[in-house]
Amino acid sequence: MFIELLTRRTSVRSFTDDTLTRDEIDALVEAGLRSPSSRRIDPWEFVVVTEKDTLHGLAEAKPGAEFLAGAAVAIAVIADTTMTDVWVEDCSIAASNIWLAATDLGLGACWAQVRNRSHSDSLSAGEYVRQLLAIPDRYAVEAVMGIGRPAPSDAPAPRRAPDRTKIHRERFGNGPTQEPDQ
Ligand SMILES: Cc1cc2nc3c(=O)[nH]c(=O)nc-3n(C[C@H](O)[C@H](O)[C@H](O)COP(=O)(O)O)c2cc1C
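The structure displayed is predicted, hence computed values, not measured ones.

Break down the overall build of the chain for me, citing the residues and quoting the values.
When you go through the chain residue by residue, the secondary structure sums to five helices and six strands. Secondary structure elements in the chain, listed N-terminal to C-terminal, are α-α-β-α-β-α-β-β-β-α-β. Each principal axis of the C-alpha atoms in the chain carries an extent, and together these give about 50 × 40 × 35 Å. The long-range fraction of contacts in the chain, counting pairs at least 24 apart against all pairs at least 6 apart in sequence, stands at 73%. For the chain, the computed accessible surface area is about 10700 Å², with 50% contributed by carbon and sulfur atoms. Charged side chains of the chain number 20 positive and 27 negative; the gap between the two group centres comes to 6 Å.

And the structure:
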């Protein structure tokens, strides 16, 4: 069943105008909070945004974030970088779990990369989001997840078959661990 969930997960960037229920939003955040983290430090925090003006502001964080304007909720995945040197890994797992939880709930979601991205020549996307959401200096913004009910027009992208040439048997270069399905 988990593989089926992974197979269904895709990037959804077009949404209906429907809002999400409180229970749905709670479940999404719960998925982030229940993620594993190195040394169980849990450096993440989540800024949950549903106000339309702020969603539009987030959509301007950087090229490729435009879809956030149409999301019902955006969840900024941020980390207190003073807590651990592996906050990127920790936050990535949390963001991924939010994405999978959205899929499991029948919602559509997509990741907007913020870390290492630019808003303009003089402002990073992370700094832009921090200012917009009043996030203190010691936090970094890893990503903003945009989530909503998928627009009927947003036909899921055709799924690629898993690339089994990326699997190595015992030593690098030995080829896949199993033959592709017949
Ligand atoms: C780390 C990461 C960063 C991403 N950043 C963006 C982004 O900024 N904007 C966007 O529209 N999609 C973004 N995506 C979505 C990818 O483009 C998408 O996952 C990829 O094309 C594969 O498509 P699929 O999610 O439908 O399988 C990101 C995905 C990941 C995992």
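An account of the site of the ligand is needed here, citing residue identities and associated values.
Near the ligand, the surroundings consist of 13 residues, among which Arg9, Thr10, Ser11, Arg13 and Lys62 are the closest. Between the ligand and Thr10, the relevant distance is 2.7 Å, taken from an oxygen atom to a side-chain nitrogen or oxygen of the residue. Between the ligand and the protein, one listed contact pairs an oxygen atom with a side-chain N or O atom of Arg13 at 2.7 Å. Out of a free accessible area of 610 Å², the ligand has 61% covered by protein chains. Here the element with the most residues in the shell around the ligand is strand β3 (residues 108-113); it accounts for four residues. A class-by-class count of the residues in the shell around the ligand yields five nonpolar, four polar and four charged.

Conventions and cut-offs
Each chain has its residues counted from 1, following the order in which its sequence is written. Local features in this predicted model are restricted to residues of pLDDT 70 or higher, and side-chain atom pairs are both shown and tallied only at a pLDDT of 80 or more, whereas totals for entire chains, interfaces and linings draw on every residue. For side-chain calculations, the full set of non-hydrogen atoms in the structure is used, while hydrogens and water are omitted. By the criteria applied, helices consist of DSSP H or I runs no shorter than four residues and strands consist of E runs no shorter than two, each listed in order from the N terminus. By definition in these notes, contact holds between two residues if any of their heavy atoms fall within 4.5 Å. Here, Shrake-Rupley sampling with a 1.4 Å probe gives the accessible areas, and only protein chains in the shown set may cover a residue. Charge counting treats Lys and Arg as positive and Asp and Glu as negative, with His and both chain ends excluded. Charge positions are represented by NZ for Lys, CZ for Arg, CG for Asp and CD for Glu. We call a residue near a given molecule or strand whenever any one of its heavy atoms falls within 4 Å of it. N or O atoms closer than or at 3.5 Å make up a polar contact, with two conditions inside protein: a donor-capable atom paired with an acceptor-capable one, and, for residues adjacent in sequence, both atoms drawn from side chains. Gly falls in the polar group here, along with every residue not listed as nonpolar (Ala, Val, Leu, Ile, Met, Phe, Trp, Tyr, Cys, Pro) or charged (Asp, Glu, Lys, Arg).

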